[in-house]
Amino acid sequence: LRTYGFTVPCAEEPVWSCTFEEKDLVGLCYEGGPAGPELAEDFAALPNLHLDSGMVSQTLVAALEVCAAGGGAPGRLLRELCQRRRDLLEGDSRLAPALSALRVARIADADAGARGDGAEGAWWKHSTGSSSAVGPGSGLLAIVEDADRVKMSEYLCLVAHIEAL
């Protein structure tokens, strides 16, 4: 059962998630990446690839198995897929305030030491309050634009996977 954390306020997200369509995987087959053109048909037959920061999803396992069975490099495939999407999100000017707040949050987390309390990456606590990032609510801070909150959930999921590799 999938969890869509981006449907709740940032501070309540149980997980971060990101979904790739088959075309994202197939595209890597023709761009000299870690999976060759011979794997394109096998990747096209897979369902959308769902990444979840809290677990290894069945669709991720399936994609990595297809890659390995076809002679590809599964770790490189996942890294390249995540890095490409992360780079796209980093180029989104609407996310600049939230990404800046995330950098501040990660420095603060590193300075405070590993707490293990799930507060790592709590970017909303360090926001400047830009209208495209975070605005004060009646208690918890909330993203003004739902699309930006979804993108930040995707970004954090991608970063978690890249760092795990």
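Note that this is a predicted model, so its numbers are computed, not measured.

Engineer: Would you mind showing me how to read the overall build of the chain here?
Structural biologist: When its secondary structure is counted, the chain shows six helices and four strands. Helices (α) and strands (β) of the chain occur, in sequence order from the N terminus, as β-α-α-β-α-α-α-β-β-α. Residues counted as buried form 43% of the 165 residues belonging to the chain. A separation of at least 24 residues holds for 63% of the contacts in the chain among residues at least 6 apart in sequence. When the accessible surface of the chain is summed, it comes to about 8500 Å², and 53% of that surface belongs to carbon and sulfur atoms.

Engineer: What is the right way to read the nonpolar core from this model?
Structural biologist: As a rule of thumb, nonpolar side chains are buried together in soluble globular proteins. L25, F43, L49, L51 and W123 are the most contacted members of the largest nonpolar core, which has 39 residues in total. The set of elements that each furnish at least two residues to this core consists of β1 (17-20), α1 (22-29), α2 (40-44), β2 (49-52), α3 (58-69), α4 (74-90), α5 (96-112) and α6 (146-164). The dominant element in this core, judged by the number of residues it contributes, is α6, at seven residues.

Engineer: Please clarify how the confidence of the model for the chain should be interpreted in this entry.
Structural biologist: Any residue range with low pLDDT should be treated as having predicted coordinates unsuitable for detailed reading. Scored by pLDDT, the chain comes out at a mean of 80, with 77% of its residues at no less than 70. The model gives residues 114-118 a pLDDT under 50, and that stretch makes two contacts with residues more than four places away or in other chains. Taken as a whole, residues 130-144 scores under 50 in pLDDT and shows 30 contacts with residues more than four places along the chain or in a different chain.

Engineer: Is there a simple way to think about the side chain of T59 in this case?
Structural biologist: Within the secondary structure, T59 sits in helix α3. A polar atom in the side chain of T59 sits 2.8 Å from the backbone nitrogen of H50. Among the polar contacts made by the side chain of T59, one reaches the side chain of S57 at a distance of 3.2 Å. The contacts of T59, once residues within four sequence positions are left out, are P47, N48, L49 and H50.

Engineer: For this particular structure, what's the right way to read α6?
Structural biologist: In an α-helix there are 3.6 residues to a turn, and that puts residues three or four apart on one side. In a regular helix each residue adds 1.5 Å, so 19 residues correspond to 27 Å; α6 covers 27 Å between its end C-alpha atoms and thus fits that length. Every buried residue belonging to α6 is among D148, R149, M152, S153, E154, Y155, L156, C157, L158, V159, H161 and I162, and all of these are buried.

The rules we used
Residues numbered from 1 in each chain as written. Predicted model: local features only at pLDDT ≥ 70, side-chain atom pairs only at ≥ 80, totals over all residues. Heavy atoms only, no water. Helix = DSSP H or I, 4+ residues; strand = E, 2+ residues; numbered from the N terminus. Buried < 20%, exposed > 50% of the residue type's maximum accessible area, 1.4 Å probe, protein only. Contact = heavy atoms within 4.5 Å. Areas by Shrake-Rupley, 256 points an atom, 1.4 Å probe, with all protein chains shown as cover. Core = buried A, V, L, I, M, F, W, Y, C linked by side-chain atoms within 4.5 Å. pLDDT = per-residue confidence, 0-100. Polar contact = N/O pair within 3.5 Å; in protein donor to acceptor, adjacent residues only side chain to side chain. Expected span 1.5 Å × (residues − 1).

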